[in-house]
Amino acid sequence: MADLSYFNETHGMVRDTVRKFVEREILPQVNDWEEAGTFPRELYKKAADAGILGIGAPERWGGSGEDVFMKVAACEEITRCTSGGVGASLGSLDIGLPPVWKWGSEALQERVVPAVLAGDQIAALAITEPGGGSDVANLRTKATRDGDHYVVNGAKTFITSGVRADYYTVAVRTGDAGFGGVSLLLVEKGTPGFTVGRELKKMGWWASDTAELYFEDCRVPAENLIGPENGGFYCIMSNFQMERLILAVTANMTAQVALEEAMAYAKERQAFGRPIAGFQVTRHKLAEMATQVAVSREFTYRTAARIANGEDCVLDVSMAKNQATQCADRVTWDAVQIFGGAGYMRGTVVERLFRDNRILSIGGGTYEIMNEVIAKRLGL
């Protein structure tokens, strides 16, 4: 359900295109992909051919250009595929690629961006480290300059598209301790000293490949530096604003789909001679769920509008992410409760939404980190 004051006719056309893509290319196979723990790599190419991967990317590289609500519309429709893993993997370029086209050299952009937007290569972002979590300023993966190369040593974990990616935007320490010593490097698969570890098994996002990465005297060409040396923390933080907005959008749509599933089931499921929607306790639960989704979605849209207007929205986007993930936590929980035993069964949409939702208040900055950002912005 879209507010027409935020979305224009072009956004509606994009929404329709993505919806049809999901219905044609994802939904018929999504249950099998979930059980297999993966989906065909060719889906990237199909998404590129449909114009989906280029949404939000620079026009000079074949993208649609920066349009926040076009991205929001596309994200909402992708989320309707009911597999957070498919959405996360298809969307890993949205966090791995922007630093390249914003701060990478012309030569680096030419080599990397078109291939990823065409669906021929896969991009990933590698920041989180074992034991590091959200403490980006104190990451330990070290890159030492040696002539025309950086020698990288360290490890990353929980990397979305980590198994299949071809290009990794990697946060490294090139300077002193703290945020002032962080840089970004583009590391290519096959670089000597760089290995992809085991594929990690997760509570949710089953169809998304998630991996550990290891760097042992890995020599990365200095020309693969993204942005200024020791200036990577700013790049990472500016990247977070859109990532957190999209996570909020994903959470809201996860809640919306769970609500729709619960409403349909409540009308059909018979108990004591009538549909369970006929019981006040169920009707009121659904009413509360619908209210929570509507309120959360509207605040997220308003935050997106401010981002589109070029405003500093660190406070609002942090609030929106926490509000949306709280909403999705409650609504997916209640949806499973309405389904009862059926909601606990694998293959039921609400069961998958419940599992997949759990990562949304962790990824892109945990709920607790968002509260810390909010508190600081409030002057506390």
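What comes next is a walk through the structure. (Residues numbered from 1 in each chain as written. Predicted model: local features only at pLDDT ≥ 70, side-chain atom pairs only at ≥ 80, totals over all residues. Heavy atoms only, no water.)

From N to C terminus, the chain includes 13 helices and 10 strands. Taken along the three principal axes of its C-alpha coordinates, the chain extends 80 × 50 × 40 Å. Looking at the chain as a whole, 54% of its 380 residues are labelled buried. Split by element, the accessible area of the chain, about 16,800 Å² in all, is 54% carbon and sulfur. (Helix = DSSP H or I, 4+ residues; strand = E, 2+ residues; numbered from the N terminus. Buried < 20%, exposed > 50% of the residue type's maximum accessible area, 1.4 Å probe, protein only. Areas by Shrake-Rupley, 256 points an atom, 1.4 Å probe, with all protein chains shown as cover.)

Mapped onto the fold, D94 is located in helix 6 (residues 93–96). Judged by its relative accessible area of 30%, D94 falls in the partly exposed class. Sequence-wise, D94 and L53 are 41 residues apart; in three dimensions their C-alpha atoms are separated by 8.6 Å. Once residues within four sequence positions are removed from consideration, D94 is found in contact with K71 and N239. (Contact = heavy atoms within 4.5 Å.)

The next subject is the pattern of salt bridges. Per the stated rule, a full pass over the model turns up 25 salt bridges. Measuring nitrogen to oxygen at the nearest pair gives 2.9 Å for the salt bridge that ties E77 to R15. Of the two residues, E77 sits in helix 4 (residues 68–79) while R15 sits in helix 1 (residues 9–26), which places them 62 residues apart along the sequence. The exposure class assigned to R15 is buried, which follows from its relative accessible area of 10%. Between E35 and R346 there is a salt bridge; the shortest N-O distance is 2.5 Å. Of the two residues, E35 sits in helix 2 (residues 30–36) while R346 sits in the loop between helix 11 (314–339) and helix 12 (349–357), which places them 311 residues apart along the sequence. On the accessibility criterion, R346 (55% relative accessible area) is exposed. One connected set of salt bridges, linked through shared partners, spans R15, R19, E76 and E77. (Salt bridge = Lys/Arg side-chain N within 4 Å of Asp/Glu carboxyl O.)

Let us look at the pairing of strand 5 (residues 182–188). By the criterion of burial, strand 5 is predominantly enclosed, with six of the seven residues buried. In the sheet, strand 4 (residues 167–173) pairs with strand 5 via seven bridges, with the strands oriented antiparallel. Among the inter-strand pairings, Y167 is bridged to a residue of strand 5, identified as E188. By the bridge criterion, two bridges tie strand 5 to strand 8 (residues 225–226) in an arrangement that is antiparallel. Bridging from a neighbouring strand, L184 pairs with I226 of strand 8. (Pairing = 2+ DSSP bridges.)

The subject of this paragraph is the environment of D209. Here D209 is to be found in the loop between strand 6 (194–199) and strand 7 (210–221). On the accessibility criterion, D209 (4% relative accessible area) is buried. D209 sits 172 residues away from G37 along the chain, and the two C-alpha atoms are 7.6 Å apart. Those residues in contact with D209, other than ones at most four positions away along the chain, are S89, I159, T160, S161, G162, V163, R164 and E199. Among the polar contacts listed, one links the side chain of D209 to the backbone nitrogen of V163, at a separation of 2.8 Å. (Polar contact = N/O pair within 3.5 Å; in protein donor to acceptor, adjacent residues only side chain to side chain.)

Bridge count for strand 3 (residues 149–160) against strand 7 is nine bridges, and the pairing is antiparallel. Looking at the pairing, I159 lines up with A211 of strand 7.

Residue placement: V373 occurs in helix 13 (residues 367–377). It is 33 Å that separates the C-alpha atoms of V373 and R198, two residues lying 175 residues apart in sequence. Residues within four places of V373 in sequence aside, it is in contact with V314 and S318.

Before going further, it helps to examine unusual backbone geometry. The phi torsion at T82 lies on the positive side, around 75 degrees, for a residue other than glycine. In this model, N230 sits at a positive phi of 65 degrees, which is unusual for a non-glycine residue. Following the sequence through the fold, N230 ends up in the loop between strand 8 and helix 9 (232–268). Residue N230 is classed as partly exposed on the basis of its relative accessible area of 29%.

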